[in-house]
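# Per-entry structural report
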Amino acid sequence: MSASVSVVANGRTADSDEIDLGKLFGHLLDGWKSIAIITGVCACLGAAYAIMATPQYQADALIQVEPKSSGIPGLSEVSEMFASESEAVTEIELIKSRMVLGQVVDALDMTTVAEPVRLPVFGSFIARLNAGSEPSQWLGYGFGGEQIALAQLDVPAELIDEELFLYAEGEGHYRLTYDEEPLLQGKVGEVSKGQGVTLEVTQLHAAPGTVFRVAKLGRNAVVEAIRKELSVSERGKSSGILALNYSGDNVEEIVAVLNHVADYYLLQNVKRMSAQASNSLEFLDSNMPKVKAELEAAEVAMNQFQSQMRTVDMSLETEAILKQVVEFEKRLNDLNIKETEVQQLYTRSHPVYQALIKQRESLTAQRDELTGQIEGLPEVQQTLLRLRRDVEVAQTIYVELLNRAQELAIVEASTVGTVRIIDHAEVKPEPIAPKKPLIVVLATLLGGMLSVAFVLVRAMINRGVETPDELEGIGLSVYATVPKSDFEAKLEAEQRRLPIEKRLSGGDALLAKANPADLSIEALRSLRTSLHFAMLEASNNILMISGPAPAVGKSFISANLATVMAQAGQKVLLIDGDMRRGYMQRIMGSKWDDGLSDYLAGKASREAAVRKTDIEGLDFIPRGQIPPNPAELLMLPGFKSLMDWASENYDLVIIDTPPILAVTDPAIVGRIAGTSILVVKHQVSPLKEIEYSVQRFATSGIQIKGVILNQQVKSRASAYDYGYYQYEYKSGQ
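Residues numbered from 1 in each chain as written. Predicted model: local features only at pLDDT ≥ 70, side-chain atom pairs only at ≥ 80, totals over all residues. Heavy atoms only, no water.

Each helix and strand in the protein was counted, giving 25 helices and 22 strands. Burial status across the protein gives 43% buried among its 733 residues. Taking as baseline every contact in the protein between residues at least 6 positions apart, the subset at least 24 positions apart corresponds to 77%. Total accessible area computed for the protein in this model is approximately 39300 Å², and 53% of it derives from carbon and sulfur atoms. (Helix = DSSP H or I, 4+ residues; strand = E, 2+ residues; numbered from the N terminus. Buried < 20%, exposed > 50% of the residue type's maximum accessible area, 1.4 Å probe, protein only. Contact = heavy atoms within 4.5 Å. Areas by Shrake-Rupley, 256 points an atom, 1.4 Å probe, with all protein chains shown as cover.)

Dropping the structure here:
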């Protein structure tokens, strides 16, 4: 059985998805320090926030809403047929209405706000720690213990919802400003006025200079703020039990607010339930004087008739008719009273209202029929019956109205409503926010996600060369891959700690001398062999080393390569050709004066410019004094004659030049050098930049023989692309 695995160069598999996943995981492993640091910082910030955040407390109360029934006697059974099953939704909206919450705002004067100005971020935390201590301030910020109370604050309409600042000035005095403009000055316990503002401060306990934030808020804005923090829900389906919850950072305030909400909701419910009795009583009170006047008038008319006729008795037939007429009038009057009550609940087209109308029409018809019987009586009996009827009907109606008024007064006074408060507001002992463990966990998770995203984005936007394969893909030969040296970093750190005079005069920072067994030096020894074959066909033994941009390690490669060549028995001349920013004298332990620029300018002799080093077989020419025209100096015949002399007297001449993309110096030197090499930095030098550098050299007629990949950092992300391995092989003891 044959395996169906496709293999390509340098260990890459044809499955690009697996390679991408491997690189992704490798980037995460390479960036574990960044991930750990960012995650740790986020966790610490989350913990700090959880500790310093202002605690939020919650108060709860319990209310029972009983099913409503009709308050109209005789109609309760009919109205219950049209009652809704659950009134919780309606009652919840009533509780959160402006009718209730507005009264709470007015009762607690919540539109007036006065509080000390705190430091940003952690000012409230410091104030809580110093609560109860003597007030102190810094730059106007209070640090705890400040107290202020306002009895009155009235402002013009344009200052509603605007921040005013009150400055404590000591001995009970203060001043009030708006937008840094003074409004008024006053003293505690006195009413102060100015610029349309009226202010009375009843308590001010603060260090002089402390600033307080004062504001008169709009009533509707405060109602909306309470509504956002107020939660009302029914416990159980159609249970009629409403749970009220209100949260905030002031324990006393949230208890007061929730208790007032419950009280005012209960009060409006009682008023609503007694409204029917109140309206009926008002109707009766307005009609009783009229009925009383009619009764008195009827009695006067009857007395006058009897005096005129000198006592007339009614027959038995007339007496019976009179009783029936009075009964009909009484029943009609009762229906009129009921009609006034029904009007408050139903429209005229409602079945209950229609039933009353039909009943009244029936009684009216019967009364009219009975009235027709009266016409058959003698005239005197008719007149007496009419007068007696008026008296008795008016008397019966008046007595009925009096009784009804007393009943309604009792109903109004004894109304308890359909709401009762079961539990008054109490605050839960533990704050509901912030949830410290949850915040720390979420902050840690967020930090982990951010750090992973940071590592992956950084890897994505990094366009630096990762592997030799990328360079070979654009037609460049990689002569050597020089790993990054930790020992070299220590040498540079030691150089930075030296006094500036010592560094400028030349400190010893040559890695090939300090640590010959370093992996970077071993890579340069491999480069020595590659260069030997590369320079066989060259026109001379001059090697130019350049780079696309600064800080790629050209000077490091040049100095240590020259040392390795000299240690191999060759006679080498190292030239610092960067007359603009060269610093190779620091590496070689030399001075920069009387160098290349001085020789080319005719200020120093060749013998003075070329100086011996403590490495046998290695001579060195420093950059010299920084000239104003380095490129022009390199184009002088003196530079060509110097190179001809060096080529004849040394086995190898190495010239370190500036970056080609910055200046034209390397193009001038490259025309004389037989071999040119480009140094690029691992994970820093972009591939496009390298291609453009090669094109710049080619435009000047210079061929880049190869590339040195410098400061290679071993990473797990690029380990899948490396086609080689590096090991440190030390001799035994």
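Glancing now at the sheet that holds strand β13 (residues 241–248). Spatial strand order, β12-β13-β1-β14: 4 strands in an open sheet with antiparallel pairing. In the strand order of this sheet, the two ends are held by β12 (230–234) and β14 (419–427), each with one partner. Ignoring which end each strand starts from, the neighbouring axes of this sheet average 15 degrees apart. For β12 and β13, the ladder comprises 5 bridges, and the chain directions are antiparallel. Note on β13: the bridge partner recorded for Leu 230 is Tyr 246. Here helix α4 (residues 88–95) sits on the sheet in contact with β1 (57–65), β12 and β13, set at roughly 165 degrees to β12. (Pairing = 2+ DSSP bridges. Axes fitted to C-alpha atoms, helices over the stretch in contact; angles between N-to-C directions.)

It is a probe the size of a water molecule, rolled over the atoms, that shows where empty space is left. Here the largest pocket defines a volume of roughly 1900 Å³. Looking at the largest pocket, it is lined by 43 residues, and the ones nearest its centre are Ala 114, Glu 115, Asp 249, Asn 250 and Glu 253. Elements that contribute at least two residues to the lining of the largest pocket include exactly β2 (112–116), α6 (123–129), β5 (147–154), β11 (211–216), α7 (219–229), β13 and α8 (251–309). Here the residues of the lining of the largest pocket are counted per class, giving 22 nonpolar, 11 polar and 10 charged. (1 Å grid on protein atoms, 1.4 Å probe; cavity = no way out; pocket = protein on both sides within 12 Å on 5 of 7 lines; lining within 4 Å. Points joined across faces, edges and corners; volume = space filled by probe spheres on them. Nonpolar A, V, L, I, M, F, W, Y, C, P; charged D, E, K, R; others polar.)

Residues lying three or four places apart along an α-helix face the same way, a consequence of the helix completing one turn every 3.6 residues. Look at helix α12 (residues 436–461): 37 Å from first C-alpha to last across 26 residues, which is about the 38 Å you get at 1.5 Å a residue. Among all positions in α12, only Ile 439, Ala 443, Gly 447, Gly 448, Ser 451 and Val 455 are buried. (Expected span 1.5 Å × (residues − 1).)

Another point: the packing of helix α5 (residues 98–108) against α7. Packing of α5 against α7 brings their axes to within 9 Å, and their N-to-C directions diverge by 110 degrees. The orientation of α5 relative to α7 falls into the category roughly perpendicular. Here Arg 98, Leu 101, Gly 102, Gln 103, Val 105 and Asp 106 of α5 lie close against α7, whose contacting residues are Arg 219, Asn 220, Val 222, Val 223, Ile 226 and Arg 227. (Parallel < 35°, antiparallel > 145°, perpendicular 65-115°, else oblique.)

We now examine the pairing of strand β16 (residues 542–546). Counting buried residues in β16 gives 5 out of 5 residues, a clear majority hidden from the surface. Burial of β16 is two-sided: the residues Ile 542, Met 544 and Ser 546 facing one way and the residues Leu 543 and Ile 545 facing the other way are all buried. Judged from the 4 bridges that link them, β16 and strand β20 (residues 652–656) form a sheet pairing that is parallel. By the bridge assignment, Ile 542 is partnered in β20 with Val 653. In this structure, β16 lies alongside strand β21 (residues 675–681), joined through 4 bridges in parallel fashion. If you follow Met 544 over to β21, its bridge partner there is Ser 676.

With that settled, consider the confidence of the model for the protein. Per-residue confidence for the protein averages 83 on the pLDDT scale, and 85% of its residues sit at or above 70. The model gives residues 1–19 a pLDDT under 50, and that stretch makes 15 contacts with residues more than four places away or in other chains. The low-confidence segment residues 70–85 (pLDDT under 50) makes 16 contacts with residues lying over four places distant or belonging to another chain. (pLDDT = per-residue confidence, 0-100.)

We now examine the packing of aromatic side chains. Per the counting criterion, the structure on display carries 1 aromatic pair. Aromatic side chains Trp 645 and Tyr 650 sit 5.8 Å apart centroid to centroid with 75 degrees between the ring planes, which places their arrangement in the edge-to-face category. Over the ring of Tyr 167 we find Arg 175, and its NZ or CZ is 4.2 Å from the ring centre. The aromatic ring of Tyr 650 is capped on one face by Lys 571, whose charged end is 5.0 Å from the ring centroid. (Phe/Tyr/Trp six-rings, centres within 6.5 Å; stacked < 30°, edge-to-face > 60°. Lys NZ or Arg CZ within 6 Å of the ring centre and 35° of its normal.)

Counted according to the given criterion, the structure contains 1 cavity of 30 Å³ or more. By volume, the largest cavity amounts to about 30 Å³. Residue lining of the largest cavity: Leu 335, Glu 339, Leu 356, Ile 357 and Arg 360, and that is the complete set. Only α9 (316–342) and α10 (351–374) provide two or more residues apiece to the lining of the largest cavity. When residues in the lining of the largest cavity are grouped by element, the largest group, 3 residues, is from α10. Residues that form the lining of the largest cavity fall into these classes: 3 nonpolar, no polar and 2 charged.

Further remarks concern helix α23 (residues 637–649). Over its 13 residues, α23 runs 19 Å from end to end, which matches the ideal 18 Å to within 8%, given 1.5 Å per residue. Buried residues of α23: Phe 639, Leu 642, Met 643 and Ala 646, and no others. Buried residues along α23 cover an arc of 100 degrees about the axis, so they all sit on one side. Opposite the buried face of α23, by more than 90 degrees, sit the exposed residues Pro 637 and Glu 648. (Arc of directions from axis to C-beta.)

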